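Coordinate analysis (summary)
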Amino acid sequence: MDFNVKKLASDAGVFFNRAVQFTEEKLGQAEKTELDAHLENLIARADCTKNWTEKIFRQTEILLQPNPSARIEEFFYEKLDKKIPLRTTNGELLGQYMLDAARDFGPGTPYGSTLIIVGDYQRRLGGAEREFLQTSAINFLTPLRNFLEGDWRTISKEKRLLENRRLDLDVCKARLKKAKLAEAKAAVSYSAAPDFQETRPRNYVLSASASAAEHELRVAQTEFDRQAEVTRLLLEGISSTHVNHLRCLHEFVEAQAVYYAQCHKHMQDLQKELRRVPNAFTMSPSTSAVSAGPSGLSSGPPAGASPPPRPPVSPSGLERSTLKIEEVQPPATGTRKAKVLYDYDAHDTSELSLMADELITVYTVPGMDPDWLMGERGNKKGKVPVTYLELLS
């Protein structure tokens, strides 16, 4: 190993001088060479670009891969320059589980055949997710990572070098100022009490020191100006970085749009497939034979049939004379869940409008017509016809 003691001592001296100059600047005891306003603006813009790009990059990673362990694994694969192994998506895994369950339950059973259909579409959704992840990683994450790990590192290196050149320049300015001050003091003392044997050599040394300080200042100023120009050219390239990231952002949005469109199409196709499958669960004994309570009411007919006629309401019953909807309170026990089989439009304010397939809470009220139940949905309540419901519990 080539160990140069003189170079090491020189570098240590330069580092010490820079540290002293930096400390004095922070304490307000030394002058600081200010950068021009244009360069300051470029530096501020570059720092802002770096900070926000880093935040967007990290959050996009979390969006595409929420599992932190998987992200750490991918990070190590990238650093080791190895190919990241293909990872099964959650949708593909769920679809495979459903297909395996269908084989155990029997593909010929209603539940097994439905599991096969849903599992197949879950695997399609997982495949679409995989394509979206790969496209987004290539078209969006990779350019952001290249900027942070490539261009920004170069910019940071040149910025640090510019800061060192500025500190060196300020050290030279301070050294020249001290040399000039010492030379002026020597001239004043010589004019007051001339001593040719002592003051003339001393003045010569001080003059030579001032000349050397001026030369160092000119060299430091030249190096500082050169480094400022190099840094400025790099910082002006941030504009092209923004243009590149804008293009990548459009590609990311396009990939998202394609992915969600595929998911929407797969779900629509899945719903069509399920409509063609016999709705066996509505005919199961556990739901079709549930009674409606003390009045002996049963659940409505299976979905798919035409809506039944609206049951009549007795105009002379207790309900019309004494029942007020806003005063009705649900019982402590006896409330049940019901699935709405058909759309129903309320005929007056005492009734509750219904939409097919929604779930509501129902219960009986003393004095109410046996063909009706009291229904609640959120903060709304009203009478609902029993024939439009399928009681679940």
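For the structure itself, consult the block above.
Overview of the structure. (Residues numbered from 1 in each chain as written. Predicted model: local features only at pLDDT ≥ 70, side-chain atom pairs only at ≥ 80, totals over all residues. Heavy atoms only, no water.)

**With respect to the pattern of salt bridges**
Scanning the model with the defined rule gives 20 salt bridges in all. For Lys 50, the salt bridge goes to Glu 54, with nearest N and O atoms at 3.3 Å. Pair noted here: Lys 50 and Glu 54 are both in helix H2 (residues 37–64), with a separation of four residues, about one helical turn. Glu 54 gets classed as partly exposed once you look at its relative accessible area, which sits at 28%. (Salt bridge = Lys/Arg side-chain N within 4 Å of Asp/Glu carboxyl O. Helix = DSSP H or I, 4+ residues; strand = E, 2+ residues; numbered from the N terminus. Buried < 20%, exposed > 50% of the residue type's maximum accessible area, 1.4 Å probe, protein only.)

**Structural notes on a nonpolar patch on the surface**
Residues Leu 246, Leu 249 and Val 253 make up a contiguous nonpolar surface patch of roughly 250 Å² in combined accessible area. Overall, Leu 249 belongs to the partly exposed group, its relative accessible area being 39%. (Patch = residues over 30% accessible without salt bridge, like charges linked within 9 Å, V, L, I, M, F, W, Y side chains within 5 Å. Areas by Shrake-Rupley, 256 points an atom, 1.4 Å probe, with all protein chains shown as cover.)

**Topic: the sheet that holds strand E3 (residues 372–377)**
Adjacent strands of a sheet pair through backbone hydrogen bonds, lying either parallel or antiparallel. Across the sheet, five strands lie side by side as E4-E3-E2-E1-E5; this open sheet has antiparallel pairing. Each of the sheet's edge strands pairs with one partner strand only, and the pair in question is strand E4 (380–385) and strand E5 (389–391). The mean angle between the axes of side-by-side strands here comes to 40°, regardless of whether they run parallel or antiparallel. Strand direction decides the pairing type here: E3 and E4, joined by six bridges, are antiparallel. Its bridge partner being in E4, Glu 376 is matched across the sheet by Lys 381. (Pairing = 2+ DSSP bridges. Axes fitted to C-alpha atoms, helices over the stretch in contact; angles between N-to-C directions.)

**Examining the pairing of strand E2 (residues 359–363)**
Across the five residues of E2, four count as buried, placing the element largely inside the fold. Both strand E1 (residues 336–340) and E2 contribute to a ladder of four bridges, which runs antiparallel. Residue Lys 337 lies in a different strand from E2, and its bridge partner there is Thr 361.

**Observations regarding the nonpolar core**
The biggest cluster of nonpolar side chains holds 32 residues, and the ones touching the most others in it are Leu 39, Phe 132 and Leu 235. Elements that contribute at least two residues to this core include exactly H2, helix H5 (110–192), helix H6 (196–236) and helix H7 (238–276). In terms of residue count, H5 provides more of this core than any other element does, 14 residues in total. Ignoring sequence-local partners within four residues, the contact set of Phe 132 consists of Leu 64, Phe 252, Ala 255, Gln 256 and Tyr 259. (Core = buried A, V, L, I, M, F, W, Y, C linked by side-chain atoms within 4.5 Å. Contact = heavy atoms within 4.5 Å.)

**Here's the deal with the environment of Ile 325**
Positionally, Ile 325 belongs in the loop between helix H9 (318–322) and E1. Separated by 24 residues in the primary sequence, Ile 325 and Thr 349 have C-alpha atoms spaced 8.7 Å apart. When residues no more than four places from it in sequence are discounted, the contact partners of Ile 325 are Ser 350, Met 374, Lys 381, Gly 382 and Lys 383.

**What about the packing of aromatic side chains?**
The description of an aromatic ring pair uses the distance of the two centres, along with the angle that the planes make with each other. Applying the stated criterion across every chain, the model contains eight aromatic pairs. With 6.4 Å between their ring centres and 45° between their planes, Phe 147 and Trp 152 make a pair best called tilted. By relative accessible area, Phe 147 is classed as buried at 2%. Measuring from centroid to centroid gives 5.6 Å for Tyr 342 and Tyr 388, while their planes differ by 85°, and the two rings are edge-to-face. Residue Tyr 342 is found in the loop between E1 and E2, and its partner Tyr 388 is found in the loop between E4 and E5; the two are separated by 46 residues along the sequence. Tyr 388 matches Tyr 342 in its accessibility class, with the two residues each being buried. An aromatic cluster of three or more residues is present, and its members are Phe 132, Phe 140, Phe 252, Tyr 259 and Tyr 260. (Phe/Tyr/Trp six-rings, centres within 6.5 Å; stacked < 30°, edge-to-face > 60°.)

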